[in-house]
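Descriptive analysis of the structure
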Amino acid sequence: MNSSTEASALEHLEWSRLAQRVFEALASVAATHRLGGEDEQQHAIDEAVLPRAREVSEVRRAFGDLRALEVTLETARECGEVSAALRPLLGVVLDVVPLLERAQRSSPLDVEELCAVHDLVVAADEVARLFAAVITRLQDVVEAQEGDRDKVGRLQTRLGRLAPPATLRHSLDRSLERGSEPRLSDTASPRLAELRRRVKGTRQSLTSAADRLVRKPDVARALADSYWTDRQGRVVLPVRSDAFSRAGSQGTVSGIIHGSSKTGATLFVEPQALVEAGNAWREATVAVRAEERRILAELSASVGEGAEQLTEALDRIVWLDGLHARLAVSRQLCGVEPQVFETGAGERLEVRTARHPVMALEGLDVVPNDLHVEHGGALIISGPNAGGKTVALKTLGLCVLMTQAGLRLPTSEPASIPLFRHVVTDVGDDQSIVGGLSTFSAHMGHVRSALEHAAADGSGTLVLLDEVAVGTDPEQGAALAEALLRELVERGATLVITTHYERLKLLASEDASRFANAAVGFDFEAMRPTFTVRMGAPGASSALTVARRLGLPDVVLDRARSMLDDSRLQVDALLRDVEAHRESLARELREAARERRALEVLREELELRERREEETAATKRAKAHAAATAELRDLEQEIKRRRKALRRSETSRDKDGVSDGDARAFAREAKEVVRGGKVPEVARAAEAVPEVEVGDRVFVPTLGMDGEVLDIKGDKVRVQLPLAKVTVRRDELGKAGAKPKRKQANRGKISLPRSSPAAKYFGTDAARVEARHDNVIDVRGSRADEALTQLEVFCDRAIAEDVDVVIVRHGHGSGALRKAVREHLAHLGYVKQHRGGLSVEGGDAVTVVWINP
C-alpha cells in the first residue's frame, strides 16, 4: 500500500483517535517522548505508537507477547510481587540518552541527572527480576498452562539482557539520596561523611560564637538589631555605621565589612573574633564540594562505561511500555484475541457482537452487531440515514487494523480476521477547493486507488466504500457503482460498502455467492433508528420518513412523495414492511424471552418451596428417628429383663409367651428399621407386591404413604413420596391404595416443568454458553479478595436481571485466582453448580456458573 492510500485509510477510519488512547496509556516519559515527537507528522506518530504487522507470524507473536505480559502481571500479583504494577515502575523513566552520551564523553553528570539514570537502572533491574520470578513460579505451578509458560519465556527472551550491571546499581543506590532536593548520600564515601561532620561541627562552633557575641552588652549597643546573618558565605553582625571603628574602641565594633543596607545606616561586619571560626567552616565546606565533585565524576564514569547496555535497556523499557499500553487499552475494551489467517486461506472476515472501539473507549452506549463478508465477496449495507451504516463500516475496518497492531477486539468471542495487506477506504467528503477536487472527483480518486490495488493484489485488498459513486447523476452513479463492485470482486478484492442505490441491493439476488445484503434497522413506531445491523436482507432508505423525523414540513414531504415513481414507492414500502415485520418478530422474541425468564423465576420459587417442604419433612423424620432410637433402647432393656427372667425360670417362654428367639428377632428388626431412617409406626394392612417395576405405584407401610417407584437395585427400591425420596427393601412394599398416579393441588399457581434451561450447559454433554455483555465478568489482573468481591456484586446483578448462567474470566496465571474463585463459588448459596470452560469458551481460563437463587 502506498503511503498516501494508507494515510487516507487511517484518516477515514479515525485511527489516530485509537492511537491517542494507546499513547495516553503509556507510563514512561521516555516512551511518550520517543513515540510522540513534536516534529513528526500524525501518521508517523500513529505508526510509532501502534505499529502494524504485515505477516501473520508477526501478528501472532504480538498477541503472544500481549498474553505473556498479562500472565506475568497476574502471576506476579498472586505471588505478592511489589513490582507487579508496571505503570508506577516505568512512570519515572526519562529519556536519558543525551545524558548517557555525555557520560561516554567523560563529561560529569550532576546529582539530578544521575538520579534520572538511577531511575532507569532500577526500572530495568526490577523488570528483569520480575520476569525471572514469574518464570520460576510458572515452572513450579502444575496448573499453569504450558502455552502460557512458553509465551512468557519468549517475551523474556525478547527483552534480552535487561538488567544493568549489578555494581552500577549498587553504587548509585549507595551514593544518591532522594528528597525534596536530591543530593549525594553520606554513604557515598567515608571521606564525604567525615567532611560533612566537620562542616557541621565548625558551623556549630561558628554560630555559637556569634550568639555569644550578640549577647555581649558592649557589642549589643553597637548593633542595629540583635541577630547575626550570612553574607557571601561569612557570618556577620548588623552594626550601625556610627558604631563601627577599625580600631575597635569602647562601644564600637571592628572587623571586615561584607556589605551594607540600602541607606548605608547599617554595615554588615564580620567581627575579628569570628574570622578564624569562619575560615575553618569555609575550608571544611570547600573540602566537601571537592569530594562531591570527585564522587560525581566517578559515578559518571561508571555510567559512561555501561552506556551502551543502558541505552539498550531503555529501548526495551520503551517497547515494554508500549506493550503494556496495548494491554491496558485491550482490557478497557474487554477485548478478545482474534483468529488471524492468511488472505489466501479462504476464511471470511467475521466479527460477532462487535462494538466500535473508539466509541466504546469514550464511554458511549454502542449497539453491538454481528458482521461478516466472504473473502473475495462484497457486503452491501443499506438502510436509512443516521442508522449506523458508516459506524458498521468503520467497525470492520478498525477491527482489521487493530488485529495488525496486536490489539484485542471489542467482540464477545474470537473474530475471524484475514490479514489484508492493503486497506483502501472512501469515507466522508474529501473535496478541496484549493486542489480543485469536487466531491465526486475525490470519491473517484479513492476508487481508482482501490482498482489499482485490487489488480496488483486482489486477495490481499480490503475495500471500504461509504456511499459509493455519489455526488453525480443518480442513475449514472448507480450504474457506475455496480460496475465498480463487479470489477473489484472479479479481481479478488473483499468489499464492504454502504449505499442507497436500489440496483446494488439487487446484486445479492442475482449472485448470492459473491454479494450479500445487510440492513440497519429503523423503528417506524418510535420513528428512530435501532443501530442494529441485520444480515441477509436489504434496507429501505426511507428518506422521507427520516426527513419527517428531522422536522421537515408535511407540505414539502407530500409534494416529494407525489413526484416519486409508484414502483419506487412500492419497493420502498415493501422494504419498510419487511423491516417492520422483522422488528416486530424481534420484539416478540424479546417479550418471549422475558416471559420465559419470568416463568423460570416462578419455577425456581416453586422448587425452593418444595425444597423447604422436603427439609421440613426431613426434620420431622429425624425427630421421629430419634424417638424410635430411644424406644429401641427401652426395648433392649426389656429384652435383657426377660432373658434374666427366663434364666431364673429355666423355661423357654415367659408368662407372656415370648421366647428368647422371638425377643432377639424383634430387637434385630427394630434396629434395622431405625438404621434405615424410617420411623417405626403402626402401618395399615397392605397386600404384598409380588413384582415391582419402575413407574409402579406402591405403598410404604413404615411411613404410611403411597409413592412411585423411581429405581430398583437388587432388593432395594427407590420410591418418590409426596415430599421426599426414600429407599426401602422390596419386601417392605405393599400395593398402593386407590389414588391417582400423579396429582398436584392447584393453588392458583402455574404448573411448570422441573427441568431448567440452564441445565443444558452442564453435564457430560454440556452446551456452549454464548458470551454476552450481561453474562461475563473479567477479574483478570485483580487480587483474590478484590476479584471475589467483584464476583459477588456481579452475581447479585445477574440475579436481579434474571441471568442464570454466567462466565467468570479469571485467566490461567498460576492457577491461584482460578482456585480462589471456584472455592468461593462452592460456598455461595445461590450457586447451584459450576464447571470449567469448554475449549471454545476459553478453556480452564474461565468458569461457567449456574446461578439458582
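Scroll up for the structure.
Residues numbered from 1 in each chain as written. Predicted model: local features only at pLDDT ≥ 70, side-chain atom pairs only at ≥ 80, totals over all residues. Heavy atoms only, no water.

**Topic: the overall build of the protein**
Under the convention used in this document: Runs of H or I in DSSP of at least four residues are treated as helices and runs of E of at least two as strands, each being numbered from the N terminus. Accessible area is worked out with a 1.4 Å probe on protein chains only. A residue is then buried under 20% of its type maximum, exposed over 50%, and partly exposed in between. The criterion used for residue contact is that any of the two residues' heavy atoms lie within 4.5 Å. Surface exposure here means Shrake-Rupley accessible area, sampled with a 1.4 Å probe, where a residue is shielded only by the protein chains that are shown.
The helix and strand tally for the protein stands at 26 helices and 25 strands. Expressed as a percentage of its 853 residues, the buried residues of the protein come to 46%. Long-range pairs, those at least 24 residues apart, make up 69% of the contacts in the protein between residues at least 6 apart in sequence. For the protein, the exposed area adds up to about 43100 Å²; of that, 50% sits on carbon and sulfur atoms.

**Focus on the sheet that holds strand S12 (residues 422-426)**
Which entries qualify depends on this criterion: Here, strands pair whenever DSSP counts at least two bridges between them. To obtain each axis, a line is fitted to C-alpha atoms, and for helices this fit is confined to the stretch in contact; angles are then taken between N-to-C directions over 0 to 180 degrees.
Spatial ordering of the open sheet is given by S12-S13-S14-S10-S15-S16, a layout of 6 strands whose pairing is mixed. At either end of the open sheet lies a strand with only one pairing partner, and these are S12 and strand S16 (528-535). Ignoring which end each strand starts from, the neighbouring axes of this sheet average 15° apart. Sheet analysis places S12 next to strand S13 (residues 461-466), joined by 5 bridges and oriented parallel. Bridge pairing in S13 places His-422 opposite Thr-461. Sheet contacts for helix H18 (residues 474-490): strand S10 (378-382), S13, strand S14 (494-498) and strand S15 (515-523); angle to S14, the most-contacted strand, approximately 160°.

**Brief notes about the sheet that holds strand S18 (residues 705-713)**
Here we have 5 strands laid out as an open sheet, ordered S20-S19-S18-S17-S21, and antiparallel in their pairing. Lying at the two open borders of the sheet, with one neighbouring strand each, are strand S20 (725-729) and strand S21 (734-735). Both strand S19 (residues 716-720) and S20 contribute to a ladder of 5 bridges, which runs antiparallel. Counted as the bridge partner of Arg-718 is Thr-727 from S20.

**Details of helix H10 (residues 166-175)**
For the record, the criterion: In this context, the arc is that of the directions from the helix axis out to the C-beta atoms.
The complete set of buried residues in H10 reads Leu-168, Arg-169, Ser-171, Leu-172 and Ser-175. Taken end-on, H10 shows its buried residues confined to a sector of 160°, consistent with a single buried face. Residues of H10 that are exposed and angled more than 90 degrees away from the buried face: Ala-166, Thr-167 and His-170. Buried-residue contacts for H10 involve helix H8 (111-140), strand S1 (176-177), strand S2 (183-184), helix H13 (272-305) and helix H14 (307-332).

**Considerations on the pattern of salt bridges**
Note the cut-off: The salt bridge criterion pairs a side-chain nitrogen of Lys or Arg with a carboxyl oxygen of Asp or Glu, the two atoms within 4 Å.
Summed over the entire model, instances satisfying the criterion amount to 54 salt bridges. Here Arg-421 ties to Asp-457 by a salt bridge, and the two come within 2.6 Å at their closest N and O atoms. Here Arg-421, found in the loop between strand S11 (416-418) and S12, pairs with Asp-457, found in helix H17 (residues 439-457); they are 36 residues apart in sequence, far enough to count as distant. Between Glu-607 and Arg-603 there is a salt bridge, and its shortest N-O distance comes to 2.5 Å. Taken together, the residues span about one helical turn, with Glu-607 and Arg-603 both in helix H23 (residues 566-649) at a distance of 4 residues.

**Some remarks on the pairing of S15**
Of all the 9 residues making up S15, 8 are buried; the element is thus mostly covered by neighbouring parts of the structure. Bridge count for S10 against S15 is 5 bridges, and the pairing is parallel. Directly across from Ile-380, in S15, lies its bridge partner Asn-517. Sheet topology note: the S15/S16 ladder contains 5 bridges and is antiparallel.

**Concerning a nonpolar patch on the surface**
Stated formally: Exposure above 30% relative accessible area and no salt bridge define the residues that can form patches, which grow by joining like charges within 9 Å and nonpolar side chains of Val, Leu, Ile, Met, Phe, Trp and Tyr within 5 Å.
Together, Leu-552, Val-555 and Val-556 make up an exposed nonpolar region whose accessible area comes to about 250 Å². Following the sequence through the fold, Leu-552 ends up in the loop between helix H21 (543-549) and helix H22 (554-563). Residue class for Leu-552 comes out partly exposed when judged on its relative accessible area of 40%.

**Here we look at the side chain of Ser-185**
How we decide: Here a polar contact is recorded for every N or O atom pair within 3.5 Å, except that within protein the pair must consist of a potential hydrogen donor and a potential acceptor, and residues adjacent in sequence are included only if both atoms are side-chain atoms.
Here Ser-185 lies in the loop between S2 and helix H11 (190-215). Taking relative accessible area as the criterion, Ser-185 reaches 11% and is therefore assigned buried. Among the polar contacts listed, one links the side chain of Ser-185 to the side chain of Thr-187, at a separation of 2.9 Å. Those residues in contact with Ser-185 that sit more than four places away from it in its chain are Arg-174, Ser-175, Leu-176, Glu-177, Leu-192 and Arg-196.

**Observations concerning the packing of H10 against H13**
Note the following rule: The scheme is simple: roughly parallel for angles under 35 degrees, roughly antiparallel for over 145, roughly perpendicular for 65 to 115, oblique for anything else. Definitions for this section: a left-handed crossing has its near helix turned counterclockwise from the far helix by less than a right angle. A right-handed crossing has that turn clockwise. Put simply, Ala, Val, Leu, Ile, Met, Phe, Trp, Tyr, Cys and Pro go in the nonpolar bin, Asp, Glu, Lys and Arg in the charged bin, and everything else, Gly too, in the polar bin.
H13 packs onto H10 with a crossing angle of 150° between their chain directions and a minimal axis gap of 10 Å. Classed by the angle they form, the pair H10 and H13 counts as roughly antiparallel. Where H10 crosses over H13, the two elements pack in a sense that is left-handed. The residues of H13 that touch H10, namely those facing Leu-168, Ser-171, Leu-172 and Ser-175, are Leu-299, Ser-302 and Val-303. Within the contact of H10 with H13, the residues separate by chemical class into 4 nonpolar, 3 polar and no charged.

**As for the side chain of Arg-780**
Secondary-structure assignment places Arg-780 in the loop between strand S22 (776-778) and helix H25 (784-800). In this view, Arg-780 contacts Glu-70, Glu-74, Arg-331, Gly-335, Arg-408, Arg-809, His-810 and Gly-811; residues no more than four positions away in its chain are not counted.

**Remarks on helix H2 (residues 15-24)**
Turning to H2, its buried residues are Trp-15, Leu-18, Ala-19 and Val-22. Looking straight down H2, one finds its buried side chains confined to an arc of 100°; they lie on one side.

**A short note on the nonpolar core**
What counts, and what does not: Throughout this description, the term nonpolar core refers to a set of buried Ala, Val, Leu, Ile, Met, Phe, Trp, Tyr and Cys residues connected via side-chain atoms within 4.5 Å.
Counting 132 residues, the largest nonpolar core has Trp-15, Leu-69, Leu-86, Val-127 and Val-303 as the members making the most contacts within it. Counting residues per element, this core draws most heavily on H8, at 15 residues. Ignoring any residue separated from it by four or fewer positions in sequence, one finds Val-127 in contact with Leu-86, Leu-89, Leu-90, Leu-162, Ile-317 and Leu-320. Core analysis: the second largest hydrophobic core is formed by 25 residues, Ala-378, Ile-380, Ala-478 and Leu-488 among them.

**Concerning the packing of aromatic side chains**
To keep things clear, this is the line we draw: Aromatic rings from Phe, Tyr and Trp, taking only the six-membered ring of Trp, are treated as a pair when their centres fall within 6.5 Å; an angle between ring planes under 30 degrees marks them as stacked, one over 60 as edge-to-face, and anything in between as tilted. Think of it as a cone above the ring: NZ of Lys or CZ of Arg counts as a charge over the ring if it is within 6 Å of the ring centre and within 35 degrees of the ring normal.
Under the counting rule described, the total for this entry stands at 1 aromatic pair. Centre to centre, the rings of Phe-762 and Trp-850 are 5.5 Å apart; their planes meet at 25°, and the pair counts as stacked. One end of the pair, Phe-762, is in the loop between S21 and S22; the other, Trp-850, is in strand S25 (residues 846-851), and 88 residues separate them in sequence. You can call Trp-850 buried: its relative accessible area is 6%. Directly above the aromatic system of Trp-281 lies the positively charged group of Arg-203, at a separation of 4.6 Å from the ring centroid. A cation over an aromatic ring shows up here: Arg-835 above the ring of Phe-762, its NZ or CZ 5.6 Å from the ring centre.

**Some points on the packing of helix H7 (residues 97-104) against H8**
As a packed pair, H7 and H8 sit with axes 10 Å apart at the nearest point and diverge in direction by 115°. Relative to H8, the element H7 is oriented roughly perpendicular. Here H7 runs over H8; the crossing is left-handed. Within the contact between the two elements, H7 uses Leu-99, Leu-100 and Arg-102 and H8 uses Glu-113, Ala-116 and Val-117. Tallied by class, the residues present in the contact of H7 with H8 amount to 4 nonpolar, no polar and 2 charged.

**What about unusual backbone geometry?**
The backbone of Gln-232 sits at a positive phi, close to 55°, despite the residue not being glycine. One can find Gln-232 in the loop between strand S3 (229-231) and strand S4 (234-240). Here Glu-467, not a glycine, exhibits a phi torsion of approximately 55°, which is positive. Its place among the elements puts Glu-467 in the loop between S13 and H18. Using a relative accessible area of 18% as the deciding quantity, one classes Glu-467 as buried.

**Things to note about the pairing of S19**
Both S18 and S19 contribute to a ladder of 5 bridges, which runs antiparallel. The residue bridging Ile-712 from the neighbouring strand is Val-717, located in S19. Counting the residues that bridge the hairpin from S18 to S19 gives 2 residues, and of these Gly-714 lies at a positive phi of roughly 65°.

**Brief notes about the environment of Val-373**
By the element assignment, Val-373 lies in strand S9 (residues 369-373). Residue class for Val-373 comes out buried when judged on its relative accessible area of 4%. Sequence-wise, Val-373 and Arg-514 are 141 residues apart; in three dimensions their C-alpha atoms are separated by 9.2 Å. Setting aside anything within four residues of it in sequence, one finds Val-373 in contact with Arg-348, Leu-349, Ala-378, Leu-379, Thr-494, Leu-495 and Val-496.

So, to be careful, I would describe these as geometric facts and stop short of saying anything about function.
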